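Each chain, letter by letter, is given below.
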Amino acid sequence: MSASVRCLVVGMPTAEIAERHARLGEALSIRFDDLHKHFPPVPSLELVVAPLYCQDFDALELIDQIGAAGYRGMVRVVAPLLPNRAIVLRELRSHAARKGITVEMVIES
């Protein structure tokens, strides 16, 4: 991973982040299966973005893997509209806090 990468997007196409990121050159989009190739993280990595769930993985699996690899930054979980968002976010944050990771959740558009 390039030392200039500040945002690692896992399991989401680059097209989805292009419209949200003015500095797309600082973001890298990868598949979950390739996550191990990008850890331990470079010091510039500030944010990992991933879906709440998809066919290949879910956010808890991602948090486990990056936490075990030494990441201690922010994870932004992109989720569909949920009936009780607060419960899901509380569970994610509780799981991530044990690994020194901060979680925020945004609604997918």
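Below, the structure is looked at part by part. Please read these numbers as outputs of a predicted model, since none were measured by experiment. (Residues numbered from 1 in each chain as written. Predicted model: local features only at pLDDT ≥ 70, side-chain atom pairs only at ≥ 80, totals over all residues. Heavy atoms only, no water.)

### Describing the nonpolar core
Applied cut-off: Take the buried residues of types Ala, Val, Leu, Ile, Met, Phe, Trp, Tyr and Cys, join any two whose side-chain atoms come within 4.5 Å, and each joined set is a nonpolar core. Any residue under 20% of the maximum accessible area for its type is buried, any over 50% is exposed, and the rest in between are partly exposed; the area is computed with a 1.4 Å probe on protein chains only. Counting from the N terminus, the helices are DSSP H or I runs at least four residues long and the strands are E runs at least two residues long. Any two residues having at least one pair of non-hydrogen atoms within 4.5 Å are treated as being in contact.
Counting residues in hydrophobic clusters, the biggest one holds 27 residues, and the most contacted among them are Val10, Leu35, Val48, Leu62, Ile66, Val75 and Val103. Those elements that provide at least two residues to this core are β1 (7-10), β3 (47-51), α2 (59-68), β4 (74-79), α3 (85-97) and β5 (102-107). The element that contributes the greatest number of residues to this core is α2, accounting for four residues. Beyond its immediate chain neighbours, meaning those up to four positions away, leucine 62 contacts Val10, Phe32, Leu35, Val48, Ala50, Phe57 and Val75. Counting residues in hydrophobic clusters, the runner-up holds seven residues, among them Cys7, Met12, Leu47 and Val78.

### Here's the deal with the sheet that holds strand β2 (residues 27-30)
This is how the line gets drawn: Strands qualify as paired when DSSP identifies two bridges or more between them. Lines fitted to the C-alpha atoms define the axes, with helices restricted to the stretch that makes contact. Angles between their N-to-C directions range from 0 to 180 degrees.
If you walk across this open sheet you meet the five strands as β2-β1-β3-β4-β5, and the pairing is parallel. Strands with a single pairing partner mark the edges of an open sheet, and in this sheet they are β2 and β5. With strand direction ignored, the average angle separating the axes of adjacent strands in the sheet is 20°. Relative to β5, β4 is paired through six bridges, and the arrangement is parallel. Bridge pairing in β5 links valine 77 to methionine 105.

### Re unusual backbone geometry
Note: most peptide bonds trans; most residues except glycine with negative phi. For the peptide bond that leads from phenylalanine 39 to proline 40, omega is 10°, which places it in the cis range. You can see proline 40 is positioned in the loop between β2 and β3.

### Some points on the pairing of β3
As a general feature of sheets, a regular strand has side chains that alternate between the two faces. Spelled out, the test is: Think of it like this: strands point away, you trace from the first strand over the helix to the second, and a clockwise trace means the crossover is right-handed.
Burial runs high along β3: five of the five residues are buried. The alternating pattern of β3 places Leu47, Val49 and Pro51 on one face and Val48 and Ala50 on the opposite face, and all of these are buried. Across three bridges, β1 lies against β3 in parallel orientation. Its bridge partner being in β3, leucine 8 is matched across the sheet by valine 48. In this sheet, β4 lies alongside β3 in parallel orientation, the contact comprising five bridges. Bridge pairing in β4 places valine 49 opposite arginine 76. For the crossover that starts at β3, traverses α2 and ends in the parallel β4, the hand is right-handed.

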